[in-house]
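Working through the structure, step by step
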Amino acid sequence: MKYYSTLFLLVFFVTCSAFSQGKAVKYTVSSGETVNQIAQKFKVTPFDIYELNPDARNGVKPNTVLLIPAASNKNTDKKETAAVKSTSNGKATTHEVQPKETLFGLEKKYGISDEALKAANPFLVTDGLQPGQTLTIPGKGSAPKAAATSDKKQKGAEKYVYHDVAPKETKFGIAKQYGISIEELEKKNPEIVTSLPVGYRLTIKGTAPKTETAAPVSTAAKPEETKKPAESKKAVSYMEYQVKPKETFYSLGRVFHLTQEELVALNPSLSEGVKEGMVLKVPTGYVAPAPIVAQAQPAEKPVQTSVEKPVEKAIEKPVESTGGGIKIVDKVKSETVSADPEIVELSKKRGQNERKKVVLLLPFNLAKLQSDTTGTAARLKTDKFLNMTLDFYSGAMMAIDSARTLKLPIDVAIYDSQETKTTSNISSLIAQNKLQEADAVVGPFYQNNAESTANSLRLYNVPVISPLSKDVANPIDNLYQTIPSNDMVRNAIFDYMRAKNGNIVAVVDKKKESVISYIKQNQKGVVFAALTETGGLDVANLKSLLLPTRMNYVVMETGNTAMIKSVIKALTDAQKTCQVQLVILEQNSTLDTDEISFDNLVKLKLMYPSVTRDSDDQSVSIFKKEYKLKNKVYPNTYATRGFDVTFDTMMRLVQGKTYQETADLMTTQQVDNKFQFYKKEDGGHANKGVYILYYDSDLTLKEAN
């Protein structure tokens, strides 16, 4: 956030003259509106709004008053800038395209319009800009033409369309919003192939400006202005702030909009951790200055989280295991298991100082790595299982750093479980008495190995947490499955629909035999819509099953495009006389194609169950940002799960109860995953923490439950 603070000051000083010539419009935000929608309404970019309203980056609320720049003034300024940059001799020149150059950069460099450059180089329209091309750069003589076609120039500038990712938005929704495919969106923005970070600026049309900053407008006037962001740091003033009791890196970061690394850079003493009474150097403007109270510094205590890591040196992975780590969740949101669970706050129990031990069993398979003649780097490129293990490990290390910062009385040992689908070295670890005294064991990964470990540790009453397996477990009292089974995921959405007193109708393709069998055996009372002899939907029959006095949930399971279109059309027509919501039991790739109207899916509030959520909580955003700072990439599913499972396990152990007792009493929620354990009738524990998600009218995903 320090970056954004300093950048805002720079943008303000650079652009204030431009906006001073025209009036900024005051606009009151209506319910459900987003920054992107407001930008489109006033024909400006979201970044233009963020320039005048920095707090809008965190989202806008109804009745918030925003300053909106006048689009006409911005266009006038751009014309004047371009005129200043026109070549003085009026002769055409040539330019050889270099790697990473863009049309935007070249047009700004030579002070010419997009139309003029493409008119002189027609191949740019069809082939685009490629390194090695020789371009003809029009001289000053083309300026009158550009001036005479100012309207066309203005339209040319609009070809560069951007979209800033808002919380809960998806690639699917954004692509549909702009009428492009997901493939086209990813092709223009390769950084989002694996994840879609909130706040990321997407290129929708045209070529993005060649800049490393978030403010291309401020660097467009002159090439040498790209140095100004460094100068803007001088404009930031600082003050002294005394750390209050129980404050952490996380809470300080939220107050002063700084990351942990930025806080430590300003205050090297923080490298040893946050201590009450410390006097810190922080940016002004976030809190009122307060007098510094002189006090004796408390005696330093040894770090309460000791971590045995016998595998760490053997793995070449960009994961740091020391340093304070992030402070993602000071308090874990929890629920009591009931029909209408009450949200409570879960933190370290006061007076809970008894040290607990957590063991992580991760399948690094070091022996194979050391004997592999191709080397670790080559192995990482081809071994998906090893990459999954290391991703999970990186998330677990973030959790351990968080526990260390919170001063949880936890000792963590990490061992190589040396797993295959049928073998492991767990018996050897037990023989060395490595696991019997643990308060919880996370791992192994493979289901049969997790069950074998649980059986071996059952007499010692050690809970074994299976972190990744989706298989239905055998009945072992001390085994905890953290991923809900497929049937449990399906059960969750049917339970939700029944809780809403819904009329449930199923439209299932004949090819989906397993789905038909599941519904008939487990979901009594669900009626099936009739199909024609050719396997198509009997539309009249479907409409006859819809009730005008109740919410109608239509569960659609088919990959057939024609059937999907028939269902959607029938339901949109039925919305005129009754309430209807479209439901799917799992992700359906056919819905992502251009043949299916996303607008209709939104109208029908498409709903589906998921074991992970799509949260815009600030703590979640901080986790993703801090993970990227440490590992240079955004966390994937396995990294986030590594954090969630490990941190959840440690937090349960500091409640003054055993892991088993907390599993019976409370539901916890971490970054992406919910842990709502229940005891199975035949023995053992499974997780029924499932989210019910749906597309709302603002094109974002929301939680129904």
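For the structure itself, consult the block above.
Just so it is clear, the structure is predicted and the values come from calculations on it, not from any experiment.

The rules we used
Residues numbered from 1 in each chain as written. Predicted model: local features only at pLDDT ≥ 70, side-chain atom pairs only at ≥ 80, totals over all residues. Heavy atoms only, no water. Buried < 20%, exposed > 50% of the residue type's maximum accessible area, 1.4 Å probe, protein only. Helix = DSSP H or I, 4+ residues; strand = E, 2+ residues; numbered from the N terminus. Pairing = 2+ DSSP bridges. Core = buried A, V, L, I, M, F, W, Y, C linked by side-chain atoms within 4.5 Å. Contact = heavy atoms within 4.5 Å. Salt bridge = Lys/Arg side-chain N within 4 Å of Asp/Glu carboxyl O. Axes fitted to C-alpha atoms, helices over the stretch in contact; angles between N-to-C directions. Parallel < 35°, antiparallel > 145°, perpendicular 65-115°, else oblique. Left-handed = near helix turned anticlockwise from the far one by under 90°. Nonpolar A, V, L, I, M, F, W, Y, C, P; charged D, E, K, R; others polar. Phe/Tyr/Trp six-rings, centres within 6.5 Å; stacked < 30°, edge-to-face > 60°. Lys NZ or Arg CZ within 6 Å of the ring centre and 35° of its normal. Expected span 1.5 Å × (residues − 1). Arc of directions from axis to C-beta.

**A short note on the pairing of strand E12 (residues 356-362)**
Within E12, six of the seven residues are buried, which leaves the element mostly enclosed by the surrounding structure. Summarising the sheet, E12 and strand E13 (residues 410-416) pair through seven bridges and their orientation is parallel. In the sheet register, Val359 faces E13, and the bridge partner there is Ala413. Across three bridges, the pairing between E12 and strand E14 (residues 440-442) is parallel. Paired with Leu360 across the bridge in E14 is Val442.

**Regarding the nonpolar core**
Among the nonpolar cores identified, the biggest contains 44 residues, and Leu360, Leu362, Ile410, Ile414 and Met650 are the most heavily contacted of them. Of all the elements in the fold, those that place two or more residues in this core are E12, helix H15 (366-371), helix H17 (384-405), E13, E14, helix H25 (618-631), helix H26 (637-653) and helix H27 (659-665). Counting residues per element, this core draws most heavily on H17, at 11 residues. Counting residues in each nonpolar core, the second largest holds 33 residues, with Met556, Ile568, Ile596 and Leu601 among its members.

**Re the environment of Ile49**
If you trace the backbone, Ile49 turns up in helix H3 (residues 46-52). Between the C-alpha atom of Ile49 and that of Ile38, which follows or precedes it by 11 residues, the distance is 8.8 Å. Beyond its immediate sequence surroundings of up to four residues, Ile49 is in contact with Val35, Ile38, Ala39, Val44, Leu66 and Ile68.

**Re unusual backbone geometry**
Cis geometry marks the peptide bond from Gly443 to Pro444, where omega comes out at 0°. With respect to the helices and strands, Pro444 occurs in the loop between E14 and helix H19 (447-457). With a phi angle near 55°, Asn501 is a residue other than glycine that sits in the positive phi range. Its place among the elements puts Asn501 in the loop between helix H20 (486-499) and strand E17 (503-508).

**Side note on the pattern of salt bridges**
Scanning all chains against the criterion turns up 15 salt bridges. The salt bridge involving Asp383 is made with Arg379; its shortest N-O contact spans 2.8 Å. According to the relative accessible area criterion, Asp383 is buried, its value standing at 17%. Through salt bridges with shared partners, a single ionic network connects Lys605, Asp696, Asp698 and Lys702.

**Brief notes about the packing of H17 against H25**
Close contact between H17 and H25 brings their axes to 12 Å; oriented N to C, the two are set at 115°. If you check the angle between H17 and H25, you find them roughly perpendicular. Of the two possible hands of crossing, H17 and H25 adopt the one that is right-handed. On H25, the residues touching Asp391, Ser394, Gly395, Met398 and Asp401 of H17 are Phe623, Glu626, Tyr627, Lys630 and Asn631. Of the residues in the contact of H17 with H25, the class split is three nonpolar, three polar and four charged.

**Brief notes about the packing of aromatic side chains**
Evaluated as defined, the whole model comprises 14 aromatic pairs. Plain terms: the ring middles of Phe623 and Tyr627 are 6.1 Å apart, the flat faces sit at 45° to each other, and that makes the pair tilted. A residue pair is termed a helical-turn pair when its members lie 3 or 4 positions apart in one helix, as Phe623 and Tyr627 do in helix H25 at four residues. When sorted by exposure, Phe623 lands in the same class as Tyr627, which is buried. Plain terms: the ring middles of Phe643 and Phe647 are 5.3 Å apart, the flat faces sit at 10° to each other, and that makes the pair stacked. Separated by four residues within a single helix, Phe643 and Phe647 lie in helix H26, roughly one turn from each other. The structure contains a cluster of three or more aromatic residues connected by ring pairs, namely Phe385, Phe392, Phe445 and Tyr446. Sitting above the plane of the Phe528 ring, Lys520 keeps its charged end 5.9 Å from the centroid. Above the face of the Tyr691 ring, Lys674 is positioned so that its terminal group lies 4.8 Å from the ring centre.

**Notes on H25**
Two residues of an α-helix separated by three or four positions point the same way, owing to the 3.6 residues in each turn. End to end, H25 covers 20 Å across 14 residues, agreeing with the expected 20 Å (1.5 Å per residue, within 8%). Listed in full, the buried residues belonging to H25 are Ser619, Val620, Phe623, Glu626, Tyr627, Lys630 and Asn631. Buried residues of H25, seen end-on, are gathered within an arc of 130° and therefore sit on one face of the element. Tucked into the core, H25 has its buried residues touching helix H13 (249-256), helix H14 (260-266), H17 and H26.

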